[in-house]
Number of protein chains: 2
Amino acid sequence: MRWEPGAPERLQKAALELFATRGYEQTTATEIAQSVGLTERTFFRHFTDKREVLFHGQQLLRQAFLDGVAAAPPDASPLETVASAVRSAASFFPGERRQHSRARQSVIDKNPALQEREVHKLASIAATLAGALRARGADELAASLAAESGITVFGISFAHWIREGEERSLADIATDVFRELRTLTAD
Amino acid sequence: MRWEPGAPERLQKAALELFATRGYEQTTATEIAQSVGLTERTFFRHFTDKREVLFHGQQLLRQAFLDGVAAAPPDASPLETVASAVRSAASFFPGERRQHSRARQSVIDKNPALQEREVHKLASIAATLAGALRARGADELAASLAAESGITVFGISFAHWIREGEERSLADIATDVFRELRTLTAD
C-alpha cells in the first residue's frame, strides 16, 4: 500500500528547510506536513516525531554497511572487513548528495537533541556491525573494537567530506583516514 | 553558596533507585526530590530535568581525562597520551563503585533517551580530548582519531568492567583493550 508515493522524502526535504530557516525548536510536525500539502496524520504515519524526519534513511545506511561486510573476502581481517563496510556506506553518499548532507549537518550542529540522536544512530550501526563481524567468526572484543573503529573512521571522514571546499569523494577520504589510524596505533 | 550540601548526590541516588524500581518514564522529578525530603524547586536548582540526574559527574569525568593528558610525557604519541587519559579516567571508577555503575547502566540500557544522552556524553568528552591533543601539537586528524579511539577503548572496557563476575580493575581491562586495538590495526 502506497498512500503517498515519496511522502517521507518530501517531508524530509521540507523539514530540513524549515529547521534551517525557522529553527528546529520553532517548527512543528504539522507545519512540516502543511508546507508540502500533507496532513499531520500523514506525517505521523511515517514518523514518530519531528526529530525522526532527519533520520529517515538510517536503515538503508545500516544495510549499506552490512552489504560491505558481506562483500569482504572470507579471510579478511576484522579491520579489513570493516574497511569494506565503510567503502560500501560511502557509496551511499555520492557527490551530488554533499550539499544536502551539509545542510542537514548544520541543522544538527545547532541542536543538542539532534546531536544525541545522530551519535546514537552511529553507535547503533556500530553494534550491528560488531554483530556481523562476530557472525563471521571474530571474537567479541575484536568485533567491537573493529566495528567502533570503523564507525569512528566513517564519522571523521564524513565530517571532512561535508566541509566547504572539500572535493575528494567520501570513499577516498575514508581510505586516507584508515591509513592514518594504522599509523597512529603503530606509534 | 551551598544551600543543601550533598543534595545532587542524594538526588542521584534516589533517582537511580526510583528509575530501577518504577521505571524511568514513570518517575517524575518531583517524586525524586520528595523521596529524599527535598522540594521540586531544589531539584531544578541542580538539574534541568530528570534525565540529567544520571549525568551528574560528567564534568568530573571529563576533567579526569584531561588530567591524564596533562600527566603524559611531552614526547608521548597521541595514542600514548590518550592511553594516559584513559588510565586517569579509570581511577575515577574504583572497585567499590562497580555496583553503582552497574545499576546505572541497567537503567540506561532500558531507555533510548538515556542511551542517546550517554553516547553523547562520551562523544563530547572525545571532542574535549581531541582539543587537548591539538593543544599539545597533534595535527587535527591524528587528534580526532586518537581521541575517539581512546573513548572507544574506554567504552568497551567499561562495559566489561561492569559485567557480573568481572573482577579486574577498569585500568587493567583498558590496558588489554588498548593492546587488542594495536593488534587489530596491525592486521
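Whatever comes next refers back to the structure up there.
Since this is a predicted model, take the numbers as computed values, not measurements.

### Some points on the overall build of chain A
Working step 1: When you go through chain A residue by residue, the secondary structure sums to 9 helices and 0 strands.
Working step 2: Mapped in sequence order, the helices and strands of chain A form the string α-α-α-α-α-α-α-α-α.
Working step 3: In terms of overall dimensions, chain A has C-alpha extents of about 55 × 40 × 25 Å along its principal axes.
Working step 4: Within the span of chain A, comprising 187 residues, buried residues form 52% of the whole.

### Details of the relation of the copies chain B and chain A
Working step 1: Superposing chain B onto chain A requires a rotation of 180° together with a translation of 0.0 Å along the rotation axis, leaving an RMSD of 0.0 Å. One copy is carried onto the other by what is essentially a two-fold rotation axis. Proximity to the rotation axis, assessed at the C-alpha, singles out Glu116(B) in chain B; its C-alpha lies 2.6 Å from the axis.
Working step 2: Comparing interface residues between copies, 100% of those in chain B also sit at the interface in chain A, which points to an isologous, same-surface contact.

### Some words on the environment of Glu116(B)
Working step 1: Position of Glu116(B) relative to the elements: it lies in helix α7 (residues 112-135).
Working step 2: Each residue touching Glu116(B), except ones within four places of it in the same chain, is listed here: Arg51(A), Glu116(A), Arg117(A), Val119(A) and His120(A).
Working step 3: Within the structure, the side chain of Glu116(B) is placed 2.7 Å from the side chain of Arg51(A), a separation counted as a polar contact.

### Things to note about the interface of chain B and chain A
Working step 1: Taken together, the 31 residues of chain B in the interface contact 31 residues of chain A.
Working step 2: Put simply, chain B and chain A have 4 salt bridges between them.
Working step 3: Between Arg51(A) and Glu116(B) there is a salt bridge, with its nearest N and O atoms 2.7 Å apart.
Working step 4: Our count for the chain B to chain A interface comes out at 9 residue pairs in polar contact (both at pLDDT 80 or more).
Working step 5: Contributing elements (two or more residues each) for the side of chain B that touches chain A: α5 (78-90), α7, α8 (140-161) and α9 (170-186) of chain B.
Working step 6: Counting residues per element, the side of chain B that touches chain A draws most heavily on α8(B), which supplies 12 residues.
Working step 7: Class assignment for the residues of the side of chain B that touches chain A results in 14 nonpolar, 8 polar and 9 charged.

### Quick notes on the packing of helix α9 (residues 170-186) of chain A against α9(B)
Working step 1: Where α9(A) contacts α9(B), the two axes come as close as 9 Å, and the packing angle between them is 130°. Put simply, α9(A) runs oblique to α9(B). When you trace α9(A) past α9(B), the crossing you get is left-handed. Residues Leu181(A), Arg182(A), Thr185(A) and Ala186(A) of α9(A) touch α9(B), and the partners they reach there are Leu181(B), Arg182(B), Thr185(B) and Ala186(B).
Working step 2: In terms of residue class, the contact of α9(A) with α9(B) is built from 4 nonpolar, 2 polar and 2 charged.

### Notes on the pattern of salt bridges
Working step 1: As enumerated under the stated definition, the model contains 22 salt bridges over all chains in all.
Working step 2: Residues Lys13(B) and Glu17(B) are paired through a salt bridge, measuring 3.5 Å at the closest nitrogen-oxygen approach. Here Lys13(B) pairs with Glu17(B), and both are found in helix α1 (residues 7-22), just 4 residues apart, close to one helical turn.
Working step 3: Here Arg117(B) makes a salt bridge to Glu52(B), at a shortest N to O gap of 2.8 Å. One end of the pair, Arg117(B), is in helix α7; the other, Glu52(B), is in the loop between α3 (40-46) and α4 (58-71), and 65 residues separate them in sequence. For the pair formed by Arg117(B) and Glu52(B), the shared burial category is buried.
Working step 4: What you see here is one network of salt bridges that share partners, running through Glu166(A), Arg168(A), Asp176(A) and Arg179(A).

### Concerning the packing of helix α6 (residues 98-109) of chain A against helix α7 (residues 112-135) of chain A
All names here are of chain A.
Working step 1: Their axes nearest at 7 Å, the elements α6 and α7 cross at an angle of 120°. On the basis of their axis angle, the class for α6 and α7 is oblique. In this structure, α6 contributes Arg104, Gln105, Val107, Ile108 and Asp109 to the contact, and α7 contributes Leu114, Gln115, Glu118 and Lys121.
Working step 2: Residue classes in the contact of α6 with α7 are distributed as 3 nonpolar, 2 polar and 4 charged.

### A look at the side chain of Arg117(A)
Working step 1: The exposure class assigned to Arg117(A) is buried, which follows from its relative accessible area of 8%.
Working step 2: Beyond its immediate chain neighbours, meaning those up to four positions away, Arg117(A) contacts Arg51(A), Glu52(A), Phe55(A), Gln58(A) and Glu116(B).

### Observations concerning the packing of aromatic side chains
Residues and elements named next belong to chain B.
Working step 1: Taken as a whole and judged by the stated rule, the model has 20 aromatic pairs over all chains.
Working step 2: Look at Phe93 and Phe158: their rings are 5.1 Å apart centre to centre, the planes differ by 70°, and that puts the pair in the edge-to-face class. Of this pair, Phe93 sits in the loop between α5 and α6 (98-109) while Phe158 sits in helix α8, placing them 65 residues apart in sequence.
Working step 3: On the accessibility criterion, Phe93 (8% relative accessible area) is buried.
Working step 4: Classification of Phe158 by relative accessible area gives buried; the value is 9%.

### Topic: the side chain of Ser157(A)
Working step 1: In this fold, Ser157(A) is placed in helix α8 (residues 140-161).
Working step 2: Once residues lying within four places of it in the same chain are set aside, the contact partners of Ser157(A) are Leu170(A), Ile173(A), Ala174(A) and Val177(A).

How each quantity is defined
- Residues numbered from 1 in each chain as written.
- Chains lettered and ligands numbered in written order.
- Predicted model: local features only at pLDDT ≥ 70, side-chain atom pairs only at ≥ 80, totals over all residues.
- Heavy atoms only, no water.
- Helix = DSSP H or I, 4+ residues; strand = E, 2+ residues; numbered from the N terminus.
- Buried < 20%, exposed > 50% of the residue type's maximum accessible area, 1.4 Å probe, protein only.
- Least-squares fit on C-alpha atoms with pLDDT ≥ 70 in both.
- Contact = heavy atoms within 4.5 Å.
- Polar contact = N/O pair within 3.5 Å; in protein donor to acceptor, adjacent residues only side chain to side chain.
- Salt bridge = Lys/Arg side-chain N within 4 Å of Asp/Glu carboxyl O.
- Nonpolar A, V, L, I, M, F, W, Y, C, P; charged D, E, K, R; others polar.
- Axes fitted to C-alpha atoms, helices over the stretch in contact; angles between N-to-C directions.
- Parallel < 35°, antiparallel > 145°, perpendicular 65-115°, else oblique.
- Left-handed = near helix turned anticlockwise from the far one by under 90°.
- Phe/Tyr/Trp six-rings, centres within 6.5 Å; stacked < 30°, edge-to-face > 60°.

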